[in-house]
Amino acid sequence: MSTNKELAKTYEPREVEDRIYQFWVDGGWFHAEPDPDKTPYTIVIPPPNITGQLHMGHALDNTLQDILIRFKRMQGYATLWLPGTDHASIATEAKVVEAMRKEGLTKDMLGRDGFLERAWAWKNQYGNRIVSQLKKLGSSCDWERERFTMDEGCSAAVREVFVRLYDEGLIYRGNRMVNWCPHCHTSISDAEVEYEERDGHFWHLLYTVKETGEQLELATTRPETMLGDTAVAINAEDPRYAHLHGCHVILPLVGRELPIVCDEHADMTKGTGVVKITPAHDPNDFEVGRRHDLPIIRVFTYDGLMTGAADKAAADELRASGKAAAGEPEVLDCGKYAGMTTAEARRAILEDLEAGGYLKETEPHRHDVGTCYRCHSTIEPMVSKQWFVKMEPLAGPAIEAVEKGEIRFVPERFTKNYMNWMRGTRDWCISRQLWWGHQIPAWYCDKCGATVVSKEDPTVCPHCGGTLQQDPDTLDTWFSSALWPFSTLGWPNTESEDLKYFYPTNTLVTGYDIIGFWVSRMIFSGLAYTGKAPFQTVLIHGLVRDSQGRKMSKSLGNGIDPLEIIDQYGADALRFMLATGNSPGNDMRFMNDKVEASRNFANKLWNAARFILMNIGDNDVPLTLPTELTLEDKWIVSRFNTLVQAVTENLDKFELGIAVQKLYDFIWDNFCDWYIELCKSRLQGENAGAARQVLVYVMTGMLQLLHPFMPYVTEEIWQSLPHEGDALMVTKWPTYDAALAFPEEEKEMERIMEAIGAIRNRRGEMNVPPSRKAQVYIETSFVDTFEKGVPFFQRLASASEVQIGAAFDIPGAVSIVTADATIKIPLDDLVDKAAELARLNKEKDNVQKQLDGVNARLANPAFTDKAPANVVQTARDQAARLQEKLALLEQSLAALQ
RNA sequence: GGGCGUAUAGCUCAGCUGGUUAGAGCGCCUGCUUCACACGCAGGAGGUCAGCGGUUCGAGUCCGUUUACGCCCACCA
């Protein structure tokens, strides 16, 4: 079937993309089903947040995935690219709260159910935006399988895992030090804390020793925590304070008596060697507190204010009721400081300390401050009752799987990154004080205080029949993301056909910035719950930066909208640009020039197709190669054959940037600049049919190889060329064919091309316009080869007539020497004899220099003995060629004089 | 304090397991209304591959070291 039609002079992506995308969708070619006759190839998408808008990072990530998927699909795999979105608990909740705020509403006013209703409405309204944006990019996802981290299946998987881990003792609840974001009003995991360097101070305080009356100097960066101090630590080995063992200090402003404890945490070499201990608000101090069984006194509220009488009363009441869990902190009524923000309290406390003579010194100090990854508020370390996943038993197998090579990172260096993360990680705080997300499947009995953890919602307490309250908290978003590779395929139903067929997945494509957040958690989750590594290869890419190398960010306003780029240059140009000049794991800069170059390339291809179509006209073109191939046919076919092999290999090795470069070079340089030009004379003559066949054959092959990178333009062209089948995207990927390798013809053709290049070069240097044709005499021992090239010299080297022979006596002619021939062109009137002489001499020197170099190597026995035979042979051949060229140059020089 | 990355043409970057004279795009210079394409064609200039040392017959590529920049991790009062 062929559907020839006129193509516009320039490629107009806007008129093509949506139509082609719809055509693919209608064809059902994105959809995958388990097929016993095929091998599966699966990628699960890193689910973008429903709050998100497509940014360059998504564009890169999804372009890479689509390239791999389209490649594998054409190779005949049962290819599944499973799409979906992430509920993004904190981000979404913040958006919904913000929208409510504008209406004067708060969460508390709506209540949990009312709030969730609004959140779902928000999700339904905006959650699909990113999906439609992914489609714009050309992503060939199986949209029939689109998933959401809070859909029924994913939620079931979450509960299954939670209950299982709880039963195995790997999930526990307790009062621990967590990172508290006062702004988002929730705990966050260690991974979600970002450290920022900020200016601060060391405040040197004086605490009076009760027993001796001496003043103990200690430094702190956070004086507002002093109200919660429950001890002062010194090092047992410190001779300066040996006499204070067992003594006490009086806490300034508060008057509380604190023990002086000996603890390794106190470092003799730092400051005065004395540290104040605030177990409720510092991770180190918390540990010191546990070692010495110190009271934990909380002085901040969860809103980041100083605690007051009401807070204390609430805590005391809990305590009195007997329901307080182990390690439940006491709460201080901060008196005059109550209700202040921590920053206000810091100022007030410092003033009071100074007034009381307790502040010895203030010293400027830069230090790292933990901030919330979302809102960048300063994190308050707080003792709080949260749910945790015990990491150590899970990390072991996850480390092993990578060590054993079951999972491979590309590039490999990120293995180290992963290992560091896995080895160093502490227990994972998974509870969040949010409503949007998976509510923790734990219930507490009002009556007997029992904790019930269950997959199904229980109605009454199984122990005493009392009423149950479900834990109000939700799970960390990453808890469900961690299950994504299998929860989306039907797990926990292990009989699911999809799960059996498509899992484990093959390749995970993501940025290095979420190895800790996501990749590592998927790995230990997959191993723990399915017994299998969730994927074989993790292809890591870098960040897309702005043209100055800065991270694209909202606050800088330097982000570039991929959709605008698509609108302006086309999705193919954007994709091609993102895949070009980039190696795995490295950051890249976004530059308009690069997109433009890619757009130009798409247009080049388009015009090559136009040329072919124009020459096809009404003729039928068989989709095979003609029986008789000319020299130039064999050259391009053989080169293409090599290209197929190279590109396939590169793609198999995830060297997408290299593959795309080879395609670019072949299409532009070999095919357009040479082969099409070489064909032109033949297309006018009787042999045009064969030329058309080869043109269509090679063009079709190029379209196939390029399709994963530039799906739209290739499909559009393919549809207008003679073709078989419904769509380029489901044609069979080309394979190397030994019968189409013509190394001899390639060499012959290159001799001719070199000669043409040399002539152009000379004419260019002499500023001879192409319109001035000239006779060309070729002295060569490759007469047959050059005979075949006569029309090429005429068309591409401005030759009028071409003579080929052993020797020509053309007095005053310009002479051009290649390794295979001396070319003489009578352009007497244009020749500056002196310049000609100088040029020939210069070239002779150059050749001589090269020859000397090669000869020196060949004369070195160490080289000839130790270097591989083919390398030595190459050097010998080269020496021979140079020798020959030198001789020809000398002849030309002699003739000139 | 650990770990990692980058340093190649004016700019942005490729260069996989070491092997002829190190490549591309953009920019620059010279020509060209050549019947696909000026989003084009032909030609050209431009690089001691950050410095130093080493391994090797041979190093942009491997090893060591120095410098500059960037990133990640780490509880440092």
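Cut-offs applied
- Residues numbered from 1 in each chain as written.
- Chains lettered and ligands numbered in written order.
- Predicted model: local features only at pLDDT ≥ 70, side-chain atom pairs only at ≥ 80, totals over all residues.
- Heavy atoms only, no water.
- 1 Å grid on protein atoms, 1.4 Å probe; cavity = no way out; pocket = protein on both sides within 12 Å on 5 of 7 lines; lining within 4 Å.
- Points joined across faces, edges and corners; volume = space filled by probe spheres on them.
- Helix = DSSP H or I, 4+ residues; strand = E, 2+ residues; numbered from the N terminus.
- Nonpolar A, V, L, I, M, F, W, Y, C, P; charged D, E, K, R; others polar.
- Buried < 20%, exposed > 50% of the residue type's maximum accessible area, 1.4 Å probe, protein only.
- Polar contact = N/O pair within 3.5 Å; in protein donor to acceptor, adjacent residues only side chain to side chain.
- Contact = heavy atoms within 4.5 Å.
- Near = heavy atom within 4 Å.

> Now, about empty space enclosed by the protein: what can you tell me, with residues and values included?
If a probe the size of a water molecule is rolled over the atoms, the empty space left behind becomes visible. All chains considered together, the criterion is met by three cavities of 30 Å³ or more. What lines the largest cavity is a set of 13 residues, and nearest its centre among them are Leu64, Asn582, Ser583, Pro584 and Leu656. Of all the secondary structure elements, the ones that give two or more residues to the lining of the largest cavity are strand S25 (537-541), helix H17 (571-579) and helix H20 (656-684). When residues in the lining of the largest cavity are grouped by element, the largest group, three residues, is from S25. Residue composition of the lining of the largest cavity, grouped by class: eight nonpolar, four polar and one charged.

> Describe unusual backbone geometry, listing the residues and the values that go with them.
Glycine aside, the phi torsion of most residues is negative, and most peptide linkages are trans. Note that the residue after Val410, namely Pro411, is joined by a cis bond; omega there is -5°. Here Pro411 shows up in the loop between strand S17 (408-410) and helix H11 (414-424). Residue Pro492 is bonded to the preceding Trp491 through a cis peptide linkage, with omega at 15°. Note on placement: Pro492 falls in the loop between helix H13 (484-487) and helix H14 (497-502). The residue Ala88 is not glycine, and still its phi comes out positive at about 50°. Taking the relative accessible area as the measure of exposure, Ala88 reaches 6% and is therefore buried. Residues other than glycine seldom take positive phi values, yet His185 does so here, at roughly 60°. For His185, the location among the structural elements is in the loop between strand S5 (171-181) and strand S6 (186-188). For His185, a relative accessible area of 32% corresponds to the partly exposed category.

> Explain the side chain of Asp476 to me, using residue names and the numbers behind them.
Along the chain, the position of Asp476 falls in the loop between strand S23 (474-475) and helix H12 (477-481). A distance of 3.1 Å separates polar atoms of two side chains, one belonging to Asp476 and the other to Arg432. Setting aside anything within four residues of it in sequence, one finds Asp476 in contact with Ser189, Glu192, Trp428, Cys429, Ile430, Arg432 and Arg521.

> Which residues make up the protein's contact with RNA strand B, and what values go with them?
Near RNA strand B, the surroundings consist of 56 residues, among which Ala219, Lys270, Val275, Asn607 and Lys866 are the closest. For RNA strand B, the fraction of atoms within 4 Å of the protein that belong to sugar or phosphate moieties is 59%. Here a base oxygen of RNA strand B and a side-chain polar atom of Arg599 are 3.1 Å apart. Ala608 places a main-chain nitrogen or oxygen 3.3 Å from a base nitrogen of RNA strand B. Of all the secondary-structure elements, those providing two or more residues to the surface near RNA strand B are strand S8 (215-220), strand S15 (359-372), H11, helix H18 (592-616), H20, helix H23 (743-765), helix H27 (861-866) and helix H28 (869-896). Looking at which element gives the most residues to the surface near RNA strand B, the answer is H18, with twelve residues. In terms of residue class, the surface near RNA strand B is made up of 18 nonpolar, 19 polar and 19 charged.

It is worth stressing that arrangement in space is one thing and function is another; only the former is reported here.
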